[in-house]
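# Observations on the model geometry
Here is how the chains run, residue by residue.
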Amino acid sequence: MRLEEEFSHCDNYDEEEEPKTMSQCSIGALQQQQQQQKFVVVGYALTSKKIKSFLQPKFEGLARNKGILFVAIDQNRPLSDQGPFDIVLHKLTGKEWRQILEDYRQTHPEVTVLDPPDAIQHLHNRQSMLQCVADMNLSTSYGRVGVPRQLVIKKDASSIADAVDKAGLILPLVAKPLVADGSAKSHELSLAYDQYSLQKLEPPLVLQEFVNHGGVLFKVYIVGEAIKVVRRFSLPDVTKRELSKVTGVFRFPRVSCAAASADDADLDPSVAELPPRPLLERLAKELRWRLGLRLFNLDIIREHGTRDHFYVIDINYFPGKCHF
Ligand SMILES: O=P(O)(O)O[C@H]1[C@H](O)[C@@H](OP(=O)(O)O)[C@H](OP(=O)(O)O)[C@@H](OP(=O)(O)O)[C@H]1O
Ligand SMILES: Nc1ncnc2c1ncn2[C@@H]1O[C@H](COP(=O)(O)OP(=O)(O)O)[C@@H](O)[C@H]1O
Ligand SMILES: [Mg+2]
Ligand SMILES: [Mg+2]
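Read on for an overview of the structure.

Rules used throughout
Residues numbered from 1 in each chain as written. Chains lettered and ligands numbered in written order. Predicted model: local features only at pLDDT ≥ 70, side-chain atom pairs only at ≥ 80, totals over all residues. Heavy atoms only, no water. Near = heavy atom within 4 Å. Polar contact = N/O pair within 3.5 Å; in protein donor to acceptor, adjacent residues only side chain to side chain. Areas by Shrake-Rupley, 256 points an atom, 1.4 Å probe, with all protein chains shown as cover. Helix = DSSP H or I, 4+ residues; strand = E, 2+ residues; numbered from the N terminus. Phe/Tyr/Trp six-rings, centres within 6.5 Å; stacked < 30°, edge-to-face > 60°. Buried < 20%, exposed > 50% of the residue type's maximum accessible area, 1.4 Å probe, protein only. Lys NZ or Arg CZ within 6 Å of the ring centre and 35° of its normal. Axes fitted to C-alpha atoms, helices over the stretch in contact; angles between N-to-C directions. Parallel < 35°, antiparallel > 145°, perpendicular 65-115°, else oblique. Left-handed = near helix turned anticlockwise from the far one by under 90°. Contact = heavy atoms within 4.5 Å. Nonpolar A, V, L, I, M, F, W, Y, C, P; charged D, E, K, R; others polar.

Here we come to the site of ligand 2. Taken together, 21 residues lie around ligand 2, and Lys176, His187, Gln208, Ser234 and Ser256 are the ones closest in. At a separation of 2.7 Å, an oxygen atom of ligand 2 approaches a polar side-chain atom of His187. The contact in question runs from an oxygen atom of ligand 2 to an N or O atom on the side chain of Ser256, over 2.7 Å. Coverage of ligand 2 by the protein amounts to 95% of the 550 Å² it exposes when considered alone. Breaking the shell around ligand 2 down by element, the ones donating at least two residues are β8 (173–177), β10 (205–209), β14 (295–302) and β15 (309–317).

Moving on: the packing of aromatic side chains. Tallied over the entire structure, the rule returns 7 aromatic pairs. Ring centres 5.6 Å apart and planes at 45 degrees place the aromatic pair Phe59 and Phe70 in the tilted group. Here Phe59 is found in helix α4 (residues 57–65), whereas its partner Phe70 is found in strand β2 (residues 68–72), with 11 residues between them in sequence. A relative accessible area of 35% means that Phe59 is categorised as partly exposed. When its relative accessible area of 14% is taken as the criterion, Phe70 is described as buried. Among the aromatic side chains, those forming a connected cluster through ring pairs are Tyr44, Phe54, Phe59, Phe70, Tyr317 and Phe318. A cation sits over an aromatic face here: Lys50 above Phe318, 4.5 Å from the ring centre.

This next bit is on the packing of helix α7 (residues 126–136) against helix α11 (residues 277–291). Two numbers describe how α7 lies on α11: the axes approach to 10 Å, and their chain directions differ by 125 degrees. By the angle class used here, α7 and α11 are oblique. Once α7 is placed against α11, the crossing between them reads as right-handed. Packed against α7, whose contacting residues are Cys132, Val133, Asp135 and Met136, the element α11 presents Leu283, Glu286, Leu287, Arg290 and Leu291 at the interface. Of the residues assigned to the contact of α7 with α11, the class counts are 6 nonpolar, no polar and 3 charged.

Now the structure itself:
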């Protein structure tokens, strides 16, 4: 079932209506509303960080006014004893949780699990994450979309320089932990400027060619068939001069986090111009189908000096802040 269909019977709610909190809704009014029409019940299993950022009271109130109820899943009780849910929305890690959800999907085919745990798992490895984009080889009159050349190093840091040489990768390289499971460690990236320093890196990792992109990236949020694009600040370009002078491996912080919005910045228009909408729509549609996911975003950059050469560098399941 399409995500939009799931909510379609809520369309008669007034979008402009002021959201009410639970305390503002009298129990009688709520019961009356429940009797008049069916609510869409969303069971959620999220980290406390995610609950704080995603399930804000205003949002919950707005959802309730549209006939959508969010109900916390109790992880200490069997999932089948809870609900009934129309949708299960989740972002938790761990093999045990994945198994619970898989079993639940088998026994409750009428419930939409956003999204299937196996499909999400595909994004937890930075190599398999981008494989779909590489396979797609998207090239249209609006531009082309690829992934930077990359190499996986499973172990043995002393062999990295040789492997890089053999694969013909060009420095500088972005070193990313192979596992992208949302842990703080999985976001510890570094930039390696010279061959000799590569031995300092800690496998398992993905080494990706750094693509100059004018210091701005685009985050494309995909929710079912809806798309929203925002600009974020990113790493600055590395010049040839800098590359010839600098050596070493440099850790860099979360450069493109929510606080790094570049939507209102005064930017060079050739850097700031959003990727063409038809190109993103085609990319999103294909990725939804290939990944089997309905709730994700991608980080995409435009190669500096070009108008239409794009690279996807990261895909995240049920990401953070985005205002549709
Ligand atoms: O990987 P990048 O491109 O940085 O995007 C991140 C990831 O999606 C994070 O999820 P994860 O850590 O699971 O990869 C998400 O954290 P949450 O899903 O925990 O909110 C961040 O949300 P913000 O923290 O709101 O920016 C979002 O900005
Ligand atoms: N191949 C690349 N070329 C240029 N910059 C990159 C590349 N890969 C990552 N970056 C920069 O590093 C940041 C973090 O990389 P990303 O793959 O998105 O990891 P994370 O999952 O931690 O967000 C990006 O937001 C971007 O600024
Ligand atoms: Mg990212
Ligand atoms: Mg990421």
